[in-house]
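# Per-entry structural report
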Amino acid sequence: MPWELEIHTIDIGVGEASLIIAEDPAVPGSRRSILIDGGLSAAAALTHQYVVATLPPGAGPDVLLVTHYDKDHSHGISSLLFADNLSVLCDVVVGATVGALVGGGAALTQQEAAAKAACATVGILYGSWGANVNSIDATVNALTAANVSLLNPVQAAERGVARAEAVGAGWGGHVTLITSKAWRKDAGLAAGAAVAALLAMANPPTVAQVRAAVAAAVFPALARTVPNDGRFDTGGIYRNTRVVDIGDARTAPAPYAKAVAGELVSSTSVHLQIPGVNRQRTGFAPTLGDELFWNGVAPPVAPANAPYAVLVSGPLPHSGATASVWQGVGVAPQIIHAGQLDNRMSIGLVVQFNDFRYFTAGDLPLESEDQLAMALMVAGQPLPNGAGGLLPALAAPPWVTAFKASHHGADTSTSDNFLNFLGPKTAIISCGREYGHPFQTMIDRLEDPNATIEFYFLTNCRYPRVGIRASPAADRGPARVPGPAYEQNVPHNWSRISGDNNDNNGALGRDRGNIVLRINQAGSTAMVGNRTYTTTYWEHYPTAMAVAGPTVVTTQW
């Protein structure tokens, strides 16, 4: 059946994040996806929103690739996974509360429900949940109609809180989740009020209704204990995601390592291992030539014509801070000593889909890219398929059809040699609004008349750059106005800024600068000259004959 490949570059402001999806729509369960990096910590929620809007409901990425530990690549992932850990914990807590409410099967009055929900919630926040949830049953069940029947639901919830606080740390079980008595009370009263309100509308309510009502009350209380950037509900969709990173070749930031491991590190100094988080992380760098889409499935070989994602740069496993670049099957990797250490450790990925290749590699410097370009261009050097075989060798250039410019378009990436060796048609730049990215020297290389680039797409461009039609007139210059000075769709202009280029990346209602490259099986297997893919971006600076909005550019090669 026909396969499809989508490469999403997410506009997150500073740093970068992308989502790569391979799927045969006619075959249920065939989809494989990789989330690469997550920008700064503040971008975590934005990245998650894009993931859930793109993948089917309840689905998370199969693989989370962190190219290196620079803050504009890894910190957003730390916050994203802390949020996911929090969401899984909330699910456990809510499950215990719901169990205490509906376990007996008897219908409850509003007062009973409010008292029991409040009592159970406070007890769970004291640590009685999971395997220890039964320790709350006796106390909760003691709140009979005789105790609360003459109270209103608010008073009943307060009595439930008081009963739980009287037991206090005697609940036993895990560490206390919320050490503040006031916060525990807020959560208990909120849960009691939510359940009482639910019973006023539906008695008896369904378990799903009770769960949703309690979750809405409990999550905000739990979220108060973690940093702001992790205070959102992921639905736990990353709990089983396989994590690939540079391992411990260099010490990973402590928050990142704890987040990946499924810990909750809260502002109340609680360090808690969350049950139900089952992420796989090897703890050391992957081997060059490893395949990411299909590694972990049985058998680890893609169906015919499906895309493969092969690791082509990164630190040597168990070697310390030794950066390396793939040089071919059976050939020792090239050790790289040039370039900033953090950047040259970046994990690089080549996605091959029949005769189409895409390259992305974090902040990898040009010395590493040039070595890789030589390997990929030598007689169409075939990539490994991750199962001991080889992918089909390309018969003709371009050896890489499209690529994400390394290091956000810095002058230390994307050399003339790289462009000349590989002959790419499309470049994508996640340039952000800090550090002067993209650099003019790199743009000049893309603009060279001898370069094969047909179009290059940018998620933002906040600096004046010759060749980029919609660049501001001055550093962080004035807002753009429609007119010839900023029209992009003009002859001989190869640049395309996606979105409205807003300085406030989180502004509501803005036209976002996401960029999506799509190619199907027919487009990846056609005869030379008839192969096609599309790149969709948000056109904000059109000519008088065009309309602002999603715009599709078709590339043929």
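The model shown is predicted, which means the values in this text are computed figures rather than measured ones. (Residues numbered from 1 in each chain as written. Predicted model: local features only at pLDDT ≥ 70, side-chain atom pairs only at ≥ 80, totals over all residues. Heavy atoms only, no water.)

### Looking at the sheet that holds strand S15 (residues 455-458)
Two strands in a sheet stick together by hydrogen bonds in their backbones, pointing the same way (parallel) or opposite ways (antiparallel). Taking strand neighbours across the sheet as the criterion, the nine strands line up as S10-S9-S8-S11-S12-S13-S14-S15-S16 in an open arrangement whose pairing is mixed. Looking at which strands have only one partner, the edges of the open sheet turn out to be strand S10 (334-336) and strand S16 (495-497). Going from strand to strand, the sheet's axes swing by 20 degrees on average, the running direction of each strand aside. The strands touched by helix H13 (residues 440-447) are strand S13 (402-404), strand S14 (426-429) and S15; relative to S14, the strand with the most contacts, the crossing angle is about 160 degrees. (Pairing = 2+ DSSP bridges. Helix = DSSP H or I, 4+ residues; strand = E, 2+ residues; numbered from the N terminus. Axes fitted to C-alpha atoms, helices over the stretch in contact; angles between N-to-C directions. Contact = heavy atoms within 4.5 Å.)

### Some points on the nonpolar core
Nonpolar side chains in soluble globular proteins tend to be buried together. Within the largest apolar cluster, 94 residues are counted, with the highest numbers of intra-cluster contacts made by Leu5, Leu349, Phe356, Phe359, Phe403 and Leu446. Apart from the residues lying within four places of it in its own chain, the contact partners of Phe359 are Val312, Leu349, Val350, Leu364, Glu369, Leu372, Val400, Ala402, Phe403, Lys404, Ser406 and Phe418. Core analysis: the second largest hydrophobic core is formed by 35 residues, Leu108, Ala217, Leu264 and Val277 among them. (Core = buried A, V, L, I, M, F, W, Y, C linked by side-chain atoms within 4.5 Å. Buried < 20%, exposed > 50% of the residue type's maximum accessible area, 1.4 Å probe, protein only.)

### Some remarks on the confidence of the model for the chain
Parts of the prediction with low pLDDT should not have their coordinates interpreted in detail. When the pLDDT values of the chain are averaged, the result is 87; 90% of them are 70 or greater. Here residues 474-480 is a poorly scored stretch, pLDDT under 50, and it has 20 contacts once near neighbours within four places are set aside; other chains count. (pLDDT = per-residue confidence, 0-100.)

### As for unusual backbone geometry
Across the junction of Pro397 and Pro398, the peptide omega takes the value 10 degrees, indicating a cis bond. With respect to the helices and strands, Pro398 occurs in the loop between helix H11 (366-377) and S13. Note the cis peptide between His437 and Pro438, where omega equals 0 degrees. Structurally, Pro438 is set in the loop between S14 and H13. Unusually for a residue other than glycine, His408 sits at a positive phi of about 60 degrees. Tracing the sequence through the fold places His408 in the loop between S13 and helix H12 (416-422). When its relative accessible area of 2% is taken as the criterion, His408 is described as buried. Unusually for a residue other than glycine, Asn501 sits at a positive phi of about 60 degrees. Examined against the element boundaries, Asn501 turns out to sit in the loop between S16 and strand S17 (515-520).

### Details of helix H7 (residues 181-201)
In this model H7 runs 31 Å from its N-terminal to its C-terminal C-alpha over 21 residues, within 8% of the 30 Å that 1.5 Å per residue would give. Arg184, Ala187, Gly188, Ala191, Gly192, Val195, Ala196, Leu198 and Leu199 are the residues of H7 that are buried. The buried residues of H7 all sit within an arc of 160 degrees when viewed along its axis, so they share a single face. Facing away from the buried side of H7 by over 90 degrees, the exposed positions are Ala200 and Met201. (Expected span 1.5 Å × (residues − 1). Arc of directions from axis to C-beta.)

### Overview of the pattern of salt bridges
The final tally for this structure, using the stated rule, is twelve salt bridges. Of the charged contacts, one joins Arg510 and Asp11 as a salt bridge, the two residues approaching to 3.2 Å between their closest N and O atoms. Linking Arg510 in the loop between S16 and S17 with Asp11 in the loop between strand S1 (4-9) and strand S2 (18-23), this pair joins segments that are 499 residues apart in sequence. On the basis of relative accessible area, Arg510 is assigned to the buried category, the value being 9%. According to the relative accessible area criterion, Asp11 is buried, its value standing at 1%. Among the ionic pairs, Arg279 bridges to Asp84, the shortest N-O distance being 3.0 Å. Within this pair, whereas Arg279 is found in the loop between strand S7 (271-273) and strand S8 (308-315), its partner Asp84 is found in helix H2 (residues 71-102), the two being separated by 195 residues in sequence. Linked through salt bridges whose partners overlap, the residues forming this network are Asp11, Asp500 and Arg510. (Salt bridge = Lys/Arg side-chain N within 4 Å of Asp/Glu carboxyl O.)

### Topic: helix H8 (residues 207-223)
Here H8 contains 17 residues, and its C-alpha end-to-end distance of 23 Å stays within 8% of the 24 Å for a straight helix at 1.5 Å per residue. In H8, a bend of some 30 degrees at Ala215 exceeds every other bend along the element. (Bend = angle between axes of the 7 residues up to and from the residue.)

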